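Here is what each chain is made of, one letter per residue.
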Amino acid sequence: MRKNNKRDRQMDKEKIIVALDVNKIKELERLLDLLSPYVKVFKVGMELFYSCGPKALDIVKKYDREIFLDLKFHDIPNTVRSSAKVATRLGVFMFNVHASGGSEMMKAAVEGSEEESAKLGVDRPRILGVTVLTSMDNAALKQTGINASPENQVLNLARLTKESGLDGVVASPKEISLVRKETGKDFLIVTPGVRPEDSEKGDQKRTATPKEALELGADYIVIGRPVTKAENPVKTIKSILG
Ligand code: C5P
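Residues numbered from 1 in each chain as written. Predicted model: local features only at pLDDT ≥ 70, side-chain atom pairs only at ≥ 80, totals over all residues. Heavy atoms only, no water.

## Concerning the overall build of the chain
In step 1: A tally of helices and strands in the chain yields twelve helices and eight strands.
In step 2: By the compact-globule yardstick of 18 Å for 242 residues, the chain fits well, its C-alpha radius of gyration being 18 Å.
In step 3: Once the C-alpha set of the chain is aligned to its principal axes, its extents read approximately 45 × 40 × 40 Å.
In step 4: Buried positions account for 49% of the 242 residues belonging to the chain.
In step 5: When contacts within the chain are restricted to residue pairs at least 6 apart in sequence, those whose partners lie at least 24 apart make up 66%.
In step 6: Total accessible area on the chain is roughly 12500 Å²; 48% of this is exposed by carbon and sulfur atoms.
In step 7: Taking the 40 positively charged and 34 negatively charged side chains of the chain as two groups, their mean positions are separated by 3 Å. (Helix = DSSP H or I, 4+ residues; strand = E, 2+ residues; numbered from the N terminus. Rg over C-alpha atoms; globule rule 2.2 N^0.38 Å. Buried < 20%, exposed > 50% of the residue type's maximum accessible area, 1.4 Å probe, protein only. Contact = heavy atoms within 4.5 Å. Areas by Shrake-Rupley, 256 points an atom, 1.4 Å probe, with all protein chains shown as cover. Lys, Arg positive; Asp, Glu negative; His and termini not counted. Charge placed at Lys NZ, Arg CZ, Asp CG, Glu CD.)

Pasting the structure below:
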């Protein structure tokens with residue numbers, strides 16, 4: 001029987017990704033000062049990247065932390081190939097593309113990133129497919145001409161993502177088990193929409209606690225506002241880590 005020792009109760013700090021959804025360097029530095037001792041990977045999304053550019057990434061790197069660049073590329077294969085090269089040159093640990101951009105586009109992302117990492121002599125960043133945005137329900141999908149249910153569409157796109165050579169997908173807590181069953185154990189599942197038990201859900205609908213998401217089979221969980229907007233972010237992250 002497994003002992004319920006401290007190590008068992010502790011959350012693996014390498015599995016928690018904190019979303020740095022701010023738009024000023026000062027705010028970024030404040031969060032990194034507070035959180036970098038506890039978190040290894042930080043997510044830089046559109047708000048921060050479009051406000052502060054690659055400088056934001058340089059700052060995260062100064063703290064010796066890894067970056068998940070969440071810009072969800074979705075364009076013609078040639079443009080995505082070049083953008084994947086740029087993301088690779090920026091030295092990120094992980095970036096993502098919309099799986100609905102199709103197999104040719106996803107393969108272009110992998111090829112561009114592979115070419116650039118070989119040139120630089122570095123490891124290729126992990127590349128994830130975004131399947132169905134968690135804000136899309138049946139009706140919203142139908143409006144875009146997709147008649148599959150969100151669950152089936154997630155599975156279709158997760159399969160396509162794997163076949164196209166990507167390393168994993170972004171999936172909500174509700175979809176983790178389905179995707180894991182479909183794609184097997186070596187495929188990364190990164191899960192946003194995670195909320196500690198006592199926190200506000202905000203606009204996230206299908207939530208799970210960090211522990212539940214990991215038990216369901218997520219490899220990484222993404223958590224933003226419950227930590228970054230907390231009165232005491234250090235206390236909050238420490239309580240998540242256990
Ligand atoms: O603040 P919160 O914990 O909701 O942040 C979740 C982060 O994950 C946000 O940066 C959001 O853009 C991102 N995300 C998401 N749902 C997806 C994909 C990304 O919430 N399906």
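## Focus on the environment of Gly 224
In step 1: Relative to the helices and strands, Gly 224 resides in the loop between β8 (220–223) and α11 (225–228).
In step 2: Between the alpha carbons of Gly 224 and Asp 123 there is a distance of 27 Å; along the sequence they are 101 residues apart.

## Brief notes about the sheet that holds strand β4 (residues 94–98)
In step 1: Around the barrel, eight strands lie side by side as β1-β2-β3-β4-β5-β6-β7-β8; this closed barrel has parallel pairing. Strand-to-strand, the axes of this sheet are offset by a mean angle of 25 degrees, without reference to chain direction.
In step 2: In the sheet, strand β3 (residues 66–73) pairs with β4 via three bridges, with the strands oriented parallel. When the bridges of β4 are listed, Phe 68 appears paired with Met 94. (Pairing = 2+ DSSP bridges. Axes fitted to C-alpha atoms, helices over the stretch in contact; angles between N-to-C directions.)

## Quick notes on unusual backbone geometry
In step 1: Unlike most non-glycine residues, Asp 64 shows phi in positive territory, near 65 degrees.
In step 2: Here Lys 72, not a glycine, exhibits a phi torsion of approximately 45 degrees, which is positive.

## As for the pattern of salt bridges
A side chain with one charge can pair with a side chain of the opposite charge if their charged atoms come near.
In step 1: Evaluation of the coordinates by the stated rule reveals 15 salt bridges.
In step 2: Between Glu 116 and Lys 119 there is a salt bridge whose closest N-O contact spans 3.9 Å. Note that Glu 116 and Lys 119 are positioned in helix α6 (residues 103–120) at a spacing of three residues, about one turn of the helix.
In step 3: Overall, the relative accessible area of 66% leaves Lys 119 in the exposed class. (Salt bridge = Lys/Arg side-chain N within 4 Å of Asp/Glu carboxyl O.)

## Structural notes on the pairing of β8
In step 1: Neither face of β8 is left uncovered, since the one carrying Tyr 220 and Val 222 and the one carrying Ile 221 and Ile 223 both have all their residues buried.
In step 2: Pairing of strand β1 (residues 16–19) with β8 involves three bridges; the strand directions are parallel. Bridge pairing in β8 links Ile 17 to Val 222.
In step 3: By the bridge criterion, two bridges tie strand β7 (residues 188–191) to β8 in an arrangement that is parallel. Its bridge partner lying in β8, Thr 191 is registered against Ile 221.

## What to know about the side chain of Ser 172
In step 1: With respect to the helices, strands and loops of the structure, Ser 172 is situated in the loop between β6 (168–170) and α9 (176–183).
In step 2: Contact partners of Ser 172, with chain neighbours within four places excluded, come to Thr 134, Thr 191, Pro 192 and Arg 206.

## Describing the nonpolar core
As a rule of thumb, soluble globular proteins bury nonpolar side chains together.
In step 1: In this structure, Ile 16, Leu 28, Leu 69, Phe 95 and Val 97 are the most contacted members of the largest nonpolar core, which totals 60 residues.
In step 2: Excluding residues within four positions of it along the chain, Leu 28 makes contact with Leu 20, Val 22, Leu 48, Ala 56, Ile 59 and Val 60.
In step 3: By size, the runner-up hydrophobic cluster in this structure holds 13 residues, among which are Ala 19, Phe 93, Val 170 and Val 222. (Core = buried A, V, L, I, M, F, W, Y, C linked by side-chain atoms within 4.5 Å.)

## Structural notes on the packing of aromatic side chains
In step 1: Using the criterion set out here, one finds three aromatic pairs in the structure.
In step 2: Ring geometry for Phe 73 versus Phe 95: centroids 5.7 Å apart, planes at 45 degrees, classification tilted. In this pair, Phe 73 sits in strand β3 while Phe 95 sits in strand β4, placing the two residues 22 residues apart along the sequence. Across the pair, exposure class does not vary: Phe 73 and Phe 95 are buried alike.
In step 3: Their ring planes at 75 degrees and their centres at 6.2 Å tell us that Phe 93 and Tyr 220 sit as a pair that is edge-to-face. With Phe 93 in the loop between α5 (77–89) and β4 and Tyr 220 in strand β8, the pair connects residues that are 127 residues apart, well separated along the chain. When sorted by exposure, Phe 93 lands in the same class as Tyr 220, which is buried. (Phe/Tyr/Trp six-rings, centres within 6.5 Å; stacked < 30°, edge-to-face > 60°.)

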